[in-house]
Amino acid sequence: MEVSDSEPLNTEPLDTETAPSTTRRRRKKSMVWEHFTVEVVSDGCTRACCKLCKQTFAYSNGSKVAGTSHLKRHIALGSCPKIKNLENQQHALASATRIDGDTSDPPKKRYRTSGFVNVFDQEQSYMYLAKMIIVHEYPLHMVENPAFVSFVQSLQPRFKMIDVNAMEGEVLSVYHKEKQNLMQIFGTMPGRISLTIGLWTTSQTLGYICVSGQYIDSDWKLHRRMINFMLVSSPHSENALSEAISVSLSEWNMKTKLFTITLDNNCSSHDIYSANLRDHLSNKNTLMLKGQLFVVRCYANILNVVAQDVIASIHGIVYNIRESVKFVKASPAREEKFAEIALQIGIPGTKALSLDVTTLWNTTYLMMEAALEYKEAFTFLETCDDNYNEAPSADDWKKVEVVCTFLKLLYDSAHTIMTTIDQTANVFFQEAWKVQLELANGTLSEDTMVSSIAKEMHEKFDKYWKDCSLVLAISVVMDPRFKMKLVEFSFAKIYGEDSARFIKVVNDSIHELYLEYVSQPLQLMPAYVDEGEANHMNGNDNNPPATPNSTGDGLLDFDVYLSEMAVNQSTKSELDQYLEESLVPRIQGFDILNWWKLNNLKYPTLSKMARDVLAIPVSMVGTGCSIFGSGTGSRVLDDYRSSLRPETVEALFCAKDWLQYLPTMTEPPSTAIVKLEF
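Bear in mind the structure is a predicted one, so any value in this text is a computation, not a measurement. (Residues numbered from 1 in each chain as written. Predicted model: local features only at pLDDT ≥ 70, side-chain atom pairs only at ≥ 80, totals over all residues. Heavy atoms only, no water.)

Engineer: For the overall build of the protein chain, give the residues involved together with the corresponding values.
Structural biologist: When its secondary structure is counted, the protein chain shows 25 helices and twelve strands. Looking at the protein chain residue by residue over its 678 residues, the buried ones come to 45%. For the protein chain, restricting intrachain contacts to residue pairs at least 6 apart in sequence, the fraction spanning at least 24 positions comes to 71%. (Helix = DSSP H or I, 4+ residues; strand = E, 2+ residues; numbered from the N terminus. Buried < 20%, exposed > 50% of the residue type's maximum accessible area, 1.4 Å probe, protein only. Contact = heavy atoms within 4.5 Å.)

Engineer: Requested: an account of the nonpolar core, with residues and values cited.
Structural biologist: In this structure, Tyr 299, Leu 407, Phe 429, Phe 461, Met 478 and Trp 596 are the most contacted members of the largest nonpolar core, which totals 113 residues. With 16 residues, the single largest contributor to this core is helix H16 (residues 448-477). Residues from two domains meet in this core; each of domain 2 (194-299 + 628-642 + 653-660) and domain 3 (300-516) gives at least three. Discounting chain neighbours no more than four positions away, the residues touching Phe 429 are Trp 465, Leu 472, Ala 473, Val 476, Leu 486, Val 487, Ser 490 and Phe 491. The next biggest cluster of nonpolar side chains, apart from the first, holds 59 residues, and it includes Tyr 208, Leu 652, Phe 653 and Ala 655. (Core = buried A, V, L, I, M, F, W, Y, C linked by side-chain atoms within 4.5 Å. Domains from an automatic or database assignment.)

Engineer: Account for the packing of aromatic side chains, naming residues and giving values.
Structural biologist: Using the criterion set out here, one finds 33 aromatic pairs in the structure. Relative to Phe 653, the ring of Phe 229 lies with its centre 4.0 Å away and its plane at 5 degrees, an arrangement referred to as stacked. Taken together, the residues span a long stretch of sequence, with Phe 229 in strand E8 (residues 222-232) and Phe 653 in helix H25 (residues 646-659) at a distance of 424 residues. A residue is classified by how much of its surface remains accessible, and Phe 653, at 14% relative accessible area, is buried. Pairing Tyr 578 with Trp 596 gives two aromatic rings, centres 5.4 Å apart and planes at 40 degrees, and the pair type is tilted. Taken together, the positions of Tyr 578 in helix H21 (residues 574-580) and Trp 596 in helix H22 (residues 592-598) put the pair 18 residues apart, joining distant regions of the chain. (Phe/Tyr/Trp six-rings, centres within 6.5 Å; stacked < 30°, edge-to-face > 60°.)

Engineer: Now, about the environment of Lys 54: what can you tell me, with residues and values included?
Structural biologist: Following the sequence through the fold, Lys 54 ends up in the loop between strand E2 (45-50) and strand E3 (56-61). Each C-alpha atom of the pair Lys 54 and Lys 82 lies 9.8 Å from the other, and the pair is 28 residues apart in sequence. From its side chain, Lys 54 meets the backbone oxygen of Lys 51 in a polar contact 3.4 Å long. (Polar contact = N/O pair within 3.5 Å; in protein donor to acceptor, adjacent residues only side chain to side chain.)

Engineer: Describe unusual backbone geometry, naming the residues involved and giving the relevant values.
Structural biologist: Its identity is not glycine, yet Glu 137 carries a phi of approximately 60 degrees, on the positive side. With respect to the helices, strands and loops of the structure, Glu 137 is situated in the loop between helix H3 (122-136) and helix H4 (146-155). The class of Glu 137 is partly exposed, set by a relative accessible area of 43%.

Engineer: Give me the side chain of Ser 324: which residues, what numbers.
Structural biologist: Take Ser 324: it is sitting in helix H10 (residues 315-328). Looking at Ser 324, the relative accessible area reads 2%, which means it is buried. A distance of 3.3 Å separates the side chain of Ser 324 from the backbone oxygen of Glu 390, its partner in a polar contact. Setting aside residues up to four positions removed in sequence, Ser 324 forms contacts with Phe 378, Tyr 388, Glu 390, Ala 391 and Pro 392.

Engineer: Which residues make up the pairing of strand E6 (residues 193-201), and what values go with them?
Structural biologist: Counting buried positions over the nine residues of E6 gives eight, a clear majority of the element. Of the pairings in the sheet, the one linking E6 to strand E9 (residues 258-263) comprises four bridges and is parallel in character. The partner of Leu 195 across the bridge, within E9, is Ile 261. For E6 and strand E7 (residues 207-216), the ladder comprises eight bridges, and the chain directions are antiparallel. Its bridge partner lying in E7, Leu 195 is registered against Gly 213. Hairpin connection of E6 to E7: five residues between the antiparallel strands. In this sheet, strand E11 (residues 635-636) lies alongside E6 in parallel orientation, the contact comprising two bridges. Opposite Trp 200, over in E11, you have Arg 635 as the bridge partner. (Pairing = 2+ DSSP bridges.)

Engineer: Help me get a handle on the sheet that holds E2, residues and values and all.
Structural biologist: As summarised here, the arrangement of the four strands in space is E1-E2-E3-E4, forming an open sheet in which the pairing is antiparallel. The strands lining the two open edges of the sheet, one partner per strand, are strand E1 (36-42) and strand E4 (64-65). Relative to E3, E2 is paired through five bridges, and the arrangement is antiparallel. Paired with Cys 45 across the strands is Asn 61, a residue of E3. Packed onto the sheet, helix H1 (residues 69-76) meets E1, E2 and E3 and runs at close to 165 degrees relative to E3. (Axes fitted to C-alpha atoms, helices over the stretch in contact; angles between N-to-C directions.)

Engineer: Which residues make up a nonpolar patch on the surface, and what are the values?
Structural biologist: A cluster of nonpolar residues, Leu 555, Phe 558 and Tyr 561, forms a patch on the protein surface that exposes about 310 Å² of accessible area. Along the polypeptide, Phe 558 turns up in helix H20 (residues 556-568). (Patch = residues over 30% accessible without salt bridge, like charges linked within 9 Å, V, L, I, M, F, W, Y side chains within 5 Å. Areas by Shrake-Rupley, 256 points an atom, 1.4 Å probe, with all protein chains shown as cover. Salt bridge = Lys/Arg side-chain N within 4 Å of Asp/Glu carboxyl O.)

Engineer: If you had to explain H25 to someone new, which residues and values would you point to?
Structural biologist: The terminal C-alpha atoms of H25, which comprises 14 residues, lie 20 Å apart, in line with the 20 Å expected from a rise of 1.5 Å per residue. Considered for burial, the residues of H25 that qualify are Thr 648, Val 649, Glu 650, Ala 651, Leu 652, Phe 653, Cys 654, Ala 655, Asp 657, Trp 658 and Leu 659. Among the structural elements, H3, helix H5 (164-187), E6, E7, E8 and helix H24 (639-642) are those in contact with the buried residues of H25. (Expected span 1.5 Å × (residues − 1).)

Engineer: I'd like to hear about the pattern of salt bridges, residue by residue, with values.
Structural biologist: Counting across every chain of the model gives 21 salt bridges. A salt bridge links Lys 408 to Asp 412, with the nearest nitrogen and oxygen atoms 2.6 Å apart. In this pair, Lys 408 and Asp 412 both sit in helix H14 (residues 394-418), four residues apart, roughly one turn of the helix. Judged by relative accessible area, which is 39%, Lys 408 ranks as partly exposed.

Engineer: Quick rundown of the packing of H14 against helix H15 (residues 426-443)? Include the residues and the values.
Structural biologist: It is at 10 Å that the axes of H14 and H15 come closest, and there the two elements cross at 180 degrees. Of the possible angle classes, the one that applies to H14 and H15 is roughly antiparallel. Contact residues: H14 offers Phe 406, Leu 409, Leu 410, Ser 413, Thr 416 and Ile 417, while H15 offers Val 427, Phe 428, Glu 431, Val 435, Glu 438, Leu 439 and Gly 442. Here the contact of H14 with H15 is built from residues that sort into eight nonpolar, three polar and two charged. (Parallel < 35°, antiparallel > 145°, perpendicular 65-115°, else oblique. Nonpolar A, V, L, I, M, F, W, Y, C, P; charged D, E, K, R; others polar.)

Engineer: Which residues make up the confidence of the model for the protein chain, and what values go with them?
Structural biologist: Scored by pLDDT, the protein chain has a mean of 82; 77% of the residues are at 70 or more. Counting contacts from residues 1-25, a segment whose pLDDT is below 50, to residues more than four positions away or on other chains yields 20 contacts. In this model, residues 109-117 is a region of pLDDT below 50 whose contacts with residues beyond four sequence positions or in other chains number 31 contacts. (pLDDT = per-residue confidence, 0-100.)

As structure tokens, this is what we get:
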């Protein structure tokens, strides 16, 4: 049923107890209400307020309703001063763009209330343009490109384009605003922060150090944010890293919150232990566990190093396979002929031949794996096609098969990490120990080809394992599905009879780390926790409770007796209680952060330790990024960005990282607008 424009506003409650269930509140259907709001002036009296000029008009007085005709006239006839101003601007624009010699009057403007156009805001448009340039990595000088300027003018003629310098200022403004927001978040961060350090080089002799921080917030959500992208004259110098870290810690007020630092394979750990950084941290902070966890090597980098090196060791065979695939895929006729050969030989053909991208080792692995299935077809093709002479030999194919067997370990491990939504530190132990075990077993093979390839790969990965197995093991102990059990199981397979010694190192270290957290002050406990329970929850298991105050019931001696009994009774620490409890079932989709969130009150001290340990960035490659694309060398800054001022480069990199986590890059348009049609 259509409602007339003069229909009164129903101001009664939507639902009342006396109203029948079939009663519905009737909505105002007139389009005029897109531009007016109803305001209650006094008892039973309401007025309609224009959203544009804020003028008010009579609407209802008790039972008498004024209707909407006068409101329509205010909008449609241009009585609204805001609309009249907009009309004048549109008229001036039409006059300026009228074709020379055309003296005819422009068509009469009329107003409709069926649509919307945004109320133009010049400053807000500058901000959105700056964010677009940041997020999409457009050059700043695009604002002076005639084609882009014309495009923007066609969208909004009133937009005044700014020059490069002004645009640079807008970018810096966005950066500083988002930086302040992030600093407020860091100020309320409940735990410590772990850093990742990456190197970037330029076409000049200069370089940049990228510093990112990873932490778990009060809601037990994992976050990683870039905090600095700073210029250093000699990125590989002895003190470059320590100076960059010192600047970041001071600038972000995180001097006492640093937990670990994760490096790629271009950084030297002795730089981190330089005197500058040691002095910087020693004022108010001591490294946890005597610095044994301080430096962490990037897991993604070691996978890439091992994989790329073993592929390089058979580069001649890889070249032949690549050229063979190129030959077959050069024309449909060759592909058809090759398919006929495969069918004749009886090859199932479950994999499709594909060329690799030489900078991505996973594509090279997939190329070799697919080619292996067709090795007999390539050999046959060489005998029947004089134009093809790139087929690998039988020994070459055997070597490719061995290499692919070990590459599959690395490929599957990388794939598991990349598909993990929250890359908490515990997930890496499960991958690393399997790679370590298989490579170690490969070195013992009686097949000399297998053992030689395995030794080459194991030599590099074993160094990583020795450097990082402790931090990986402590991290997986914080997983209630495994605790110490997976460490014991895996170490028994890796170290054999000598495993007890390595297991003891992990057990002693985790207890020592826990005691360091016990010695730290805890946040206030909830009011409903009694004093005795609070002492236990705070981890102060060895401290006798204070002598209780008398309650006035004459049993003070009894209270003292209970206190003495509590002192004499040995209580287990949170850590021991946690380790002795049964394992949590290994169900699919288990959320370890949510588990610790739910058990925060049960393990107040241990949960603090778990928050910091699980936040360690074992891989510098974040969620959603490809591990295979993180090469072993420094990343290179392009010539354009290398030419910008260092503070601008930092603003572009950091702001892009921060903006991607905002819920939206646009704001909903205002409803206080009208649509003009000519």
